[in-house]
Amino acid sequence: MSAEYPESRRDESVVDTLHGHQIADPYRWLEDADSAETKDWVGRQNAATDTELSSYPERAWFQETMTAILARPRAGVPGLKSGWYFAGRNDGSQAQDIVYVADSLEGLLEGGRVILDPNKLSADGTDSLASFTVSPDGRYFAYGVNESGSDWTTFRLREVATGADVDDVVTRAKFCEATWLPDSSAYLYLHYPASGRSEGTETQALGGGQLKLHKVGTPQEDDELVLSFPDDDQLFIGPEVSDDDRYLVVTISKGTDPATRLWLYPLTDGGLGEPVKVIDEFRDENVFVRMSGDHLVLRTDRDASRGRVVSSDLAGNFTDLIPEGDGTLESVRGTAAGLAVLSLLDAQPVLALHDLDGSNGRVVPVPGGAVVGLNASTKHDEVFIGLSSTTDPTVSYVVSAATGEFRALPELVPAGVGFLSPDITISRRIEPGREVPYFLISRADLTFDQPRPTLMYGYGGFRIPILADYRPGWPAWLAAGGVLVITNLRGGGEYGSDWHDAGRLHNKQSVFDDFIAVGEHLCETKVTTPAQLAIHGRSNGGLLVGAVMAQRPDLFAVALPGVGVMDMLRFHLFTVGAAWASDFGLPDDPAQFEDLLAYSPLHNLRDGTAYPATLVVTGDHDDRVVPLHSHKFMATLQHAHTGDGPVLSRIEVNTGHGFGKPAAMVASEWADLLAFAAHHTGLEPGI
């Protein structure tokens, strides 16, 4: 396209002095998402992007293919809650999955009945179901709604048996579900009383959450404050009721740091007793699993980077039940027969069942690239697990906790036809210099007799494992003949807490070095070339893409950063940004400031540089990684860029960080991303 981009006003007077550095911020005005000037800028950017993409012949193919992919019938993982069976379903025509309920598994498989249709929550389909729980007596269905992709949650109730709405509403909640007390009279939630607007476009820093108790049928203003930390607004509170109904188990964490404190509130007829502080320091990750008599069963990484399962007394003294092994413990659930344990063995899931004392481990051979749901209860024999592959969404299984017998549940998926995913080949490779593992995935009929257009994906942060799982764009890219590479970078959770620590704080540059090393290895092994290599990531992965394209613009033909954290000197000032200090550090600290400045994507773009063709994507209602990051990055990139490839913004209206996005929007966004990548890497879809 022409180098004439939409004009972005530069205010050269905005300069901060930070730890002895003069930091210019000429596009700070874009931080105000609601200003007329920003809205006008967004409109002009979107218009320019649409004009450019409309000229790409690849766009129609990918739009048709993505529409077909999202039109496939699908279903979520069943759950058994208080005597009722639930599952989400979509016949391929709905913007949001519909929740069905039945009083037996067979009834659910036969169809069940609708308990909630999120497509009726808003006219444009952008409101979505955030979570739902059921009161222990099976009467109430408590569901949280996110509006326009925002993290803000409103809780409502309806009767499970009749589907009738209950006149009971709780607002201004975040990062929680309704946690019911055993007598079904009340539930707990995390309340944020004074944190800006709840429309999803606010940028105000998020204050501390309050754990509150809401009694059904009473006004929210009468809710009881259970726990808050007014002196530390970065503490997050997670409640759950123990499986024996004796305790309210409260997990306390500092931002996104995995280290946790663990308190038990005895549940009495009169309410909550004084807390027993089982673990009261931020030292290790400690996740409550279930009770075993008077002891707690926990998943912990104390003295075990890959995790272990322990029995803990109320004083926090641990005894091994399942010692650390070769796999990384991802999740542990209580079952009627003991424990269901999900591990990652070289970034690939393994499900095993154990007795309560950790003995008698046996693997359940359910296949899949990633586990998308594991639902179990100490009160029931049935364990439900959902797995995805790179090209196909969830396949669910029911497993007997007692015997390990399992069967697939294809009946959950509504009848219908749709896109048929291509046969693929997945190989496991390691970049030898830094020993970075990655998945190399291609259509089964392709050979590597010549370099091919390749899409490389990564994340590398917050101890989140990245697996060979399903994302709607993957089957389209593979069907088009592209190669897909999924990287396992330091900072992620594939190999335990040591792997995470190797890619955070002062070590964050190692994540970018890992990604660059894989890109170089792909070129050295002639899988692809720099002219054929596209990179993609979202959120922390958007930061990854922004950082590496700034550091090595010569290595990549295309960059696709999505909802990325781009301004590493001001991220902590907006919404929940300060919570990310566990991985990033804080700019207020002089030493951490130097680390952040060294890789901040916004601050490492250089005038007169030829950058990869870039399509930045964000949502105007993203109140997790606020869109100002993408806006300022794009304005700076358009000012600096001298290359032939276009650098453009795609800003979705009335959507947020990505959760609950309507199917048509998902299809459209992926179509544009893949068409852009194909156009600038030479991939000709359909050939």
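Model, not experiment: these values are computed from the prediction.

Conventions we followed
- Residues numbered from 1 in each chain as written.
- Predicted model: local features only at pLDDT ≥ 70, side-chain atom pairs only at ≥ 80, totals over all residues.
- Heavy atoms only, no water.
- Axes fitted to C-alpha atoms, helices over the stretch in contact; angles between N-to-C directions.
- Helix = DSSP H or I, 4+ residues; strand = E, 2+ residues; numbered from the N terminus.
- Parallel < 35°, antiparallel > 145°, perpendicular 65-115°, else oblique.
- Left-handed = near helix turned anticlockwise from the far one by under 90°.
- Contact = heavy atoms within 4.5 Å.
- Nonpolar A, V, L, I, M, F, W, Y, C, P; charged D, E, K, R; others polar.
- 1 Å grid on protein atoms, 1.4 Å probe; cavity = no way out; pocket = protein on both sides within 12 Å on 5 of 7 lines; lining within 4 Å.
- Points joined across faces, edges and corners; volume = space filled by probe spheres on them.
- Pairing = 2+ DSSP bridges.

Enquirer: Break down the packing of helix H1 (residues 36–54) against helix H10 (residues 628–640) for me, citing the residues and quoting the values.
Expert: Between H1 and H10, the least distance of the axes is 12 Å, while the angle of their chain directions is 60°. Compared by their axis directions, H1 and H10 come out oblique. Along this stretch, H1 crosses H10, giving a crossing that reads as left-handed. Of the residues in H10, those in contact with Thr38, Trp41, Val42 and Gln45 of H1 are His631, Met634, Ala635 and Gln638. Taken together, the residues of the contact of H1 with H10 break down into four nonpolar, four polar and no charged.

Enquirer: Could you give me a rundown of empty space enclosed by the protein, with the residues and numbers involved?
Expert: With the rule as written, the count across this model stands at one cavity of 30 Å³ or more. Volume-wise, the largest cavity comes out at about 50 Å³. Its residues placed into classes, the lining of the largest cavity shows seven nonpolar, five polar and one charged.

Enquirer: Now, about the sheet that holds strand S26 (residues 338–344): what can you tell me, with residues and values included?
Expert: As summarised here, the arrangement of the four strands in space is S25-S26-S27-S28, forming an open sheet in which the pairing is antiparallel. The open sheet has two edge strands with one neighbour each: strand S25 (328–335) and strand S28 (362–364). Recorded for the sheet is a direction-independent mean angle of 30° between the axes of neighbouring strands. As defined by bridge partners, S26 adjoins strand S27 (residues 349–355) across seven bridges and the pair is classed as antiparallel. Paired with Val341 across the bridge in S27 is Ala352.

Enquirer: Could you give me a rundown of the pairing of strand S24 (residues 318–322), with the residues and numbers involved?
Expert: Judged from the four bridges that link them, strand S23 (residues 308–312) and S24 form a sheet pairing that is antiparallel. When the bridges of S24 are listed, Ser312 appears paired with Phe318. Where S23 folds back on S24, the antiparallel hairpin that results is connected by five residues, among which Gly316 adopts a positive phi of roughly 85°.

Enquirer: So, the packing of helix H2 (residues 58–70) against helix H11 (residues 663–681): which residues are in play, and what are the values?
Expert: At their nearest, the axes of H2 and H11 sit 8 Å apart, and the two run at 145° to each other. Read as a crossing pair, H2 and H11 show a hand that is right-handed. Note on element contacts: H11 touches H2 through Ala663, Val666, Ala667, Ser668, Trp670, Ala671, Asp672, Leu674, Ala675, Ala678 and His679, opposite Glu58, Arg59, Phe62, Gln63, Met66, Thr67 and Leu70.

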